[in-house]
Every structure is written in C-alpha cells, then in structure tokens.
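# Tertiary structure, described
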Amino acid sequence: MGKEKKKDRKGDKPVRSPTSLSDYPELPKQDGNTARQAMSASTVPPLEMLLNELGSKRESRDDKLQNEDATQYEEPILTKLIVESYEGEKVRGLYEGDGFAVFQGGCTYRGMFSEGLMHGPGTYIWADGLKYEGDFVKNVPMNHGMYTWPDGSTYEGEVVNGMRTGFGMFKCSTQPVSYIGHWCHGKRHGKGSIYYNQEGTSWYEGDWVHNIKNGWGVRCYKSGNIYEGQWENNMRHGEGRMRWLTTNEEYTGQWQKGIQAEYAVLRNLTKLRRIYSFYSSLGCDQTLDNTFLMTKLHFWRFLKDCRFHHHKIALADMDRILSDNQDIPVEEIHSPFTTILLRTFLNYLLQLAYHIHHKEYQNRSPSLFLCFTKLMTENIHPNACRVKGNLFNGQQETLYSMNYIDKCWEIYTAHCRPHAAPPHELTMKMRHFLWMLKDFKMINKELTATKFVEIIADDNPFIHDGIDSNFELELVFLEFFEALLSFAFISVTDQVTKSCLNFPNDDSSGNKHGSTYTVTNQHRSPSTATSQGSDVRNGSAKSPASKLAFLFDFSKIRKPEPKMRTAPSDETLSKVNFKSSGKELTFFLSQNEKKEKSKEEGKEKLNMWVSNMCIFFVNTFFQAHKWEAILKEKVKENRLHHVALAKQRKIENEELEARLECLREEEAKRLDDEVDITVIKEPTDTSSSQLTPSPTKEEAVVFPSKPISSKKKKKLDH
C-alpha cells in the first residue's frame, strides 16, 4: 500500500470550528444579592423588575439554579476535503476498504472507504482535537456516532448530516451536567431531561424548543421543591403547581414570568411607597427633590411602630433572618447606616410576613399571599407613619440627636459580644447594657436599675411581665440610642443644667425667664451622619461652657426683652370694627400675646432639651466611656507591669538558688577532702612507751590542767 497524493480530491476545510456559545446545559449561578446594584431612591424600578423581586423567598432561591450559563459545542461540516496522503486499499484507483488518510490542514481519518469516499464506520479527528467516531455516508457523519470535544465533553446518539439530530445523550466534562433526549440541528429540541448535579437531585424533564424550556415540564430543585406546569422562555409561565416540600406548602394557579400571579405587594404598592418615603425622610434636612434612601435606623423605627416585635421576635432576630443566604459582611448585619432600596424594603416585608405567619397558613394556598395580607391588615395599615420613640419625635430634636449617633455607635460596638450562633456577629443584650451603665457609674438614685428596665420594656411586652425580666433579650442600636435619650431626661436635672450652663435665671428686669440661645450647629441626615466636633467625640473641654460651645453661639445670647403692648398698625386697625366694644379689641390683643408667649415657651423648651442632651452625652456618657477606656488601659499596663515584675523575681530567685547550690557543693567537697587530725604526746620512758600504745584520735582526751592537792600528792607518793 503506497502513499499517493490526490489533487482532485476535496480537502477538509470546516465551515465552522468548535466555538463557545450560550447553549450549554443549565449551571447554577452565584446569589444575585452579591452584585447588588445601587439605585437612586427616587428611581422607581420597572414592573418587570418588581415582579421578579417580589416572588416568595423560596421561589427566588430555587430559581437561582434555573438560569442558564453554559457552552454549546458545534459540529464542523466536512467540505473541500484535500488528501495529503493515504494508506490503504484501492479499487480502480479509488480508495476502498479500510484505510488511513491525512487531509490538508492536519485532519485525519481512519476507517472504511467506498468508491473513494468515507463510507461506513470510521474515526475522524479534526486538527484542534475534536473527534467523531461513528457511521459515515459518502463523507458525511450519519446515523449513529459519538462526538468527543477537546475538553472531554461527549455526545453519543443519532447524527444527521453531521449534526446532533434525533435521540442522544450529552455529558459535560467541566460541569456536573448532562442531557438525554431529542435534538434538532445540534440543539435540545423536543422531549428531554437535563440533570444539574451528579447526585441527580436537581433536574428538568419536559419540552424544549431550540435549547429553551418551552411548553410543559417538571423542575425538581436541589432543595426537593418541585414545580410542574407550563414554561416559557426558561421561566415558569402559565398554569402550574409549586410544592415546597421543605415547608410543606403548595400553590396551584397562574404564574407570570417566574412568580405567582397573586401580587399582594403590588396591590399595596402605592401605600408602601408612601411609607418608604415617609420613614426615609425622618431626621433629614429638606432637599430640592426631597428624596432620601431608607437606612436600617429608619427601618427599625418602622418595624417598631408597626409592632413587628410583638410577634415574639426581636429586631436583632429579624436582621439575621433578612441577611440569611445573602453575601452581607458580618459587621453590617446590625449596622444602622446600611441603606435599603425600595425593592429591598418590599422584599424584606415579604420575608418577615412569611416568617411570622407561615405556620398559621401552612395548609392553605396561596400561603405567601395570605401571610402578607394579614401583616398589612393587622400591623402596617393601622400603625405605619405614627412615629413613636424619642429619636424621631421632632424634626429639630432629631437633627440635634444625630450629632451623637457616631460616638454612641462606637460605644455600642465596644460593649457588644459575639452572638452564640453563626455568624457570631456582635450583639448587645440587656444585661450587657446594664453592666455598662454600672461600670460608667451612671446607675444612681435618679436612674435606678428598676427605672432602666421600665424604659427598655416600655414598648416590648416580652421584656418585663411585672414580675420577671428577660435580660437575655438583644438590643439593636435604635433601642440602645433611644434608651439613652430617655436616660438623659432622668439623669440631668434642672440643677445640673443650671450649674453646667452657669447662667443666671433672672434677667435684669426681674422677670423669671431662662436665657434664650441661638443654636448654630450643623444638621445632617442619618445615612451620612458624622460626629460634630472633637469635643463630642473626645468628651474633653476646659469647662462645661466650652463643652457646650459646639451647640451654642454664646455671642448671640440674648435676654428676653420686656414684653410691652404695642399699638396695632394702621392696617390692623382697619380690620378692627371700631363699632365693636372694647372687650373685642382686648381679646384680639390677648390672642397675639398668647401666640407670642407660646412661641417663646417653645424656644425655651427646645433650648433646655438641647442643653440636657449636651450635658448628658458630653459631660456624662462620653466622659464615662473615656475614663473607662483610660482605666482599662491602666489596668492593662498594670497587668503587664506585674507580669514583668513576676518574671524578674523568678529570674532573681533562680539566680539565688543557683548560688546556694554552688555553695552546698563547695562545702561537701571541702568535707570530703579534710584529713584526720591526731593529737600525739611524746613518751618520757622508752619501755613504757613501748608497752602503752598511743591513743587514737577518737580516744584522745584533753583534760583541764588543775593543781593537785597535797593530800592526793602524799597518797600518790605511797
């Protein structure tokens, strides 16, 4: 079998090379909340966006797996095959039987030939690595075959004119996705089943139209929830039934673009928009368009006004529920500065409605619609926009209170502790709050522990039942800050205010009026609030008056002028009926005096309120926190100092012990080396010295030398 070049044969130039298109099986996407798009509060999202946002929580989570983001592989068409070389049999100069051909461009074929054409079983490999194994009919892949793409993905099934047409199975090598069913011109078309994971727990079985789910189909999600019904453009659309097996719920009815058709939220959308705008503007300066973003601080106030927390669920627990399965940093779960868009606000209401009432309607359909309707009827409609609490009770008071937000948030987070359950975010319990005030030396005869409990439990029936108190209840920053505002009215008495301001109460005219101050501090909105002045942050100043300087412009202090009755102007007199009695004129003048008096009293009340707030926060609360921080630092330094001293003493003791041990060793060595000492007396008689042995060292005794008496001497002579 020799090699032969055939210039009259057609070469292999594929019309289309394998490309990556958006036609691959379904792949799960990341949570869409991780890429939240900032949106102006004045911008109303389109209806389609709202419909997709306002579906039930469980639907949206399940449908994350429904989005298709995959790759399709196309089958190249064999045209203009030009043979570079051939090995095999020939009949009448044409390739026949089993052979091997190399085509121009680097493609190869090994298999059966008939009359010079690829015909029968064979294997064709393109230059880029794509391989087809199967039947050929006159140079065209036909009947049954198997495609293998360079990345390892495979298709095995029916082939018509080189395209996947008929029944076949596709397996992806880069993702755990497979499809088995009918094809048409390389696309899923007809009846087929697609599996999204290796375990086979997430799948779709039903109708396809050119790679799109259209018609009737069943979708089983990884969670076990199942939808059976009509589809359009890869979304649940038309008649269908959804069964949430995880919560034992079921909905049967119309669907539109992926969600239920009963739009409970849309029925109340106008009302909810007004509520959103109302709470978003609390504590904010007026702007040209008067559009604001709602913050978590506003949202907490809305929840408390509508008594969401009366359903045995604390605001801190609501934060955790709403942040579940969302890519929210741990430190922002309970942050008061987090902004909330209108669509997020509506979605939060749906989630809370389901969480509060789902047990009541778990056997009824549609449960989400019933849960939200009950929440609107019982909580939102009768209570929304009726602001309670101390923070948002007046525009000017709120603006002044916002000056202390940042510093109080700093103190709040400093005394929070990690939550017991994941994600272990920082939270504050009632007992922690009370311990903090005791450490600050702020629990006294004015602000007692009993008064503390009464203030915290004022709008929460589950804190104190008249006998026992639940000190394990968590407090969000709104509850913490509003409690401090209440404490300010209790702790700061009139005497304290006067002593701090150091201004006389009587003016030169003898009228008993307090001084009037012109407030000059800057206002700010809650969402962009920052502390005003270093005096507020550090709580330090040379005197109480200087501490109040950031709130008052003392150069503009004025004493109330004596109130004198001024004659009415000509215009006023023209309006007075001179034919009326003098009593009517007196009544007219007295009404003006009452208005002026009430206005002055309002100014006096506001000034006194501002003074009390400044004294409480700057002179008391912030100073206490500062001194506690200093004390903690001193304690830390003392501990480090004691540790250093203990280490030094240990070193000295070790050195002393080493010296004593050295002395003991020297003494023992000296005793071992000492020689025996023997006392020996010289003999007077040689013979006696030989008969009497000398005493040993142990026997040698030294007697004291005493004079011998004369009687003993005589006896000795005898």
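First things first, this report covers the structure right here in the doc.

Calculation criteria
- Residues numbered from 1 in each chain as written.
- Predicted model: local features only at pLDDT ≥ 70, side-chain atom pairs only at ≥ 80, totals over all residues.
- Heavy atoms only, no water.
- Helix = DSSP H or I, 4+ residues; strand = E, 2+ residues; numbered from the N terminus.
- Buried < 20%, exposed > 50% of the residue type's maximum accessible area, 1.4 Å probe, protein only.
- Contact = heavy atoms within 4.5 Å.
- Areas by Shrake-Rupley, 256 points an atom, 1.4 Å probe, with all protein chains shown as cover.
- Patch = residues over 30% accessible without salt bridge, like charges linked within 9 Å, V, L, I, M, F, W, Y side chains within 5 Å.
- Salt bridge = Lys/Arg side-chain N within 4 Å of Asp/Glu carboxyl O.
- Core = buried A, V, L, I, M, F, W, Y, C linked by side-chain atoms within 4.5 Å.
- Polar contact = N/O pair within 3.5 Å; in protein donor to acceptor, adjacent residues only side chain to side chain.
- Phe/Tyr/Trp six-rings, centres within 6.5 Å; stacked < 30°, edge-to-face > 60°.
- Pairing = 2+ DSSP bridges.
- Expected span 1.5 Å × (residues − 1).
- Arc of directions from axis to C-beta.
- Axes fitted to C-alpha atoms, helices over the stretch in contact; angles between N-to-C directions.
- Parallel < 35°, antiparallel > 145°, perpendicular 65-115°, else oblique.
- Left-handed = near helix turned anticlockwise from the far one by under 90°.
- Nonpolar A, V, L, I, M, F, W, Y, C, P; charged D, E, K, R; others polar.

With that out of the way, let us pick up the overall build of the chain. A count of helical and extended segments in the chain gives 20 helices and 21 strands. By residue count, 41% of the 718 residues in the chain fall in the buried class. Expressed as a percentage of contacts within the chain between residues at least 6 apart in sequence, the contacts between residues at least 24 apart total 53%. Summed over its atoms, the accessible surface of the chain is roughly 40800 Å², and 52% of this surface lies on carbon and sulfur atoms.

Let's shift gears to a nonpolar patch on the surface. On the surface, Phe-167, Met-169, Ile-180 and Tyr-195 cluster together into a nonpolar patch covering about 320 Å² of accessible area. Along the chain, the position of Tyr-195 falls in strand 10 (residues 187-195). According to the relative accessible area criterion, Tyr-195 is partly exposed, its value standing at 31%.

Time to look at the side chain of His-419. As for its placement among the helices and strands, His-419 is situated in the loop between strand 19 (417-418) and strand 20 (426-429). Among the residues examined, His-419 registers a relative accessible area of 18% and is labelled buried. Sequence-distant contacts of His-419, defined by excluding residues within four places in its chain, comprise Arg-320, His-424, Glu-425, Thr-427 and Glu-474.

This part takes up the nonpolar core. Phe-302, Phe-308, Phe-345, Phe-433, Phe-617 and Phe-621 are the most contacted members of the largest nonpolar core, which has 94 residues in total. Counting 35 residues, the second-largest nonpolar core is a separate cluster that includes Ala-101, Phe-170, Trp-183 and Trp-208.

This brings us to the environment of Ser-401. Here Ser-401 is to be found in helix 9 (residues 395-401). Look at Ser-401 and you get buried, because its relative accessible area is 1%. In the structure, Ser-401 is positioned 80 residues away from Phe-481 in sequence and 9.5 Å away in space, judged by C-alpha atoms. Discounting chain neighbours no more than four positions away, the residues touching Ser-401 are Leu-391, Phe-481, Leu-485 and Trp-609. A polar contact of 2.8 Å, which involves the side chain of Ser-401, links it to the backbone oxygen of Glu-397.

Moving on to the packing of aromatic side chains. Considering all chains together, one arrives at 46 aromatic pairs under this definition. Between Tyr-132 and Phe-136, the aromatic rings sit 5.2 Å apart at their centres with planes inclined by 80°, giving edge-to-face as the arrangement. Tyr-132 sits in the buried class, given a relative accessible area of 0%. Aromatic pair Phe-621 and Phe-622: ring centres 6.0 Å apart, planes at 50°, arrangement tilted. Pair check on accessibility: Phe-621 and Phe-622 agree, each one buried.

To continue, consider the sheet that holds strand 20. Backbone hydrogen bonds are what pair the strands of a sheet, in a parallel or an antiparallel way. Within the open sheet, the 3 strands sit side by side as 19-20-21. Their pairing is antiparallel. Bordering the open sheet on either side are strand 19 and strand 21 (474-475), each of which pairs with just one other strand. Of the pairings in the sheet, the one linking strand 20 to strand 21 comprises 2 bridges and is antiparallel in character. Looking at strand 21, one finds that Lys-429 is bridged to Glu-474.

The next subject is the pairing of strand 12 (residues 212-220). Inspection of the sheet shows strand 11 (residues 203-209) paired to strand 12 by 6 bridges, in the antiparallel sense. Each residue of the ladder has a partner; that of Gly-206, found in strand 12, is Gly-217. Connecting strand 11 to the antiparallel partner strand 12 that follows it, the hairpin turn spans 2 residues, and His-210 within it adopts a positive phi of roughly 50°. Here strand 12 pairs with strand 13 (residues 226-232) via 6 bridges, running antiparallel. Bridging across to strand 13, Cys-220 finds its partner in Ile-226.

Along the chain, Met-613 turns up in helix 18 (residues 582-673). Overall, Met-613 belongs to the buried group, its relative accessible area being 1%. Put simply, Met-613 and Glu-397 are 216 residues apart on the chain and 9.7 Å apart in space, counted from C-alpha to C-alpha. In this structure Met-613 touches Tyr-404, Leu-485, Ala-488, Phe-489 and Val-618, once residues within four positions along its chain are discounted.

Turning next to helix 4 (residues 269-280). Side chains three or four residues apart in an α-helix point the same way, a direct result of the helix having 3.6 residues per turn. Its 12 residues give helix 4 an end-to-end C-alpha distance of 16 Å, which sits within 8% of 16 Å, the value for a rise of 1.5 Å per residue. Residues Leu-269, Leu-272, Ile-275, Tyr-276, Tyr-279 and Ser-280 constitute the buried set of helix 4. On an axial view of helix 4, the arc spanned by its buried residues comes to 125°, and they lie on one face.

Relative orientation and spacing of two packed helices are given, respectively, by the angle between their axes and the distance between those axes. One can describe the packing of helix 4 onto helix 8 (residues 367-383) by two numbers: an axis separation of 12 Å at closest approach and a directional angle of 45°. The angle between the axes of helix 4 and helix 8 places the two elements in the oblique class. The hand of the helix 4/helix 8 crossing is left-handed. The segment helix 4 lies against helix 8, with Lys-271, Leu-272, Ile-275 and Tyr-279 engaging Phe-372, Met-376, Ile-380, His-381 and Asn-383. Among the residues making up the contact of helix 4 with helix 8, the classes are represented as 6 nonpolar, 2 polar and 1 charged.

All right, on to the pattern of salt bridges then. If you walk through the whole model with that rule in mind, you get 18 salt bridges. Arg-301 is paired through a salt bridge with Glu-482; the nearest N and O atoms lie 2.9 Å apart. Here Arg-301 is found in helix 5 (residues 296-305), whereas its partner Glu-482 is found in helix 13 (residues 477-491), with 181 residues between them in sequence. Note on accessibility: Arg-301 and Glu-482 belong to one class, buried. Connected via shared salt-bridge partners are Asp-317, Arg-320, Glu-425 and Glu-474.

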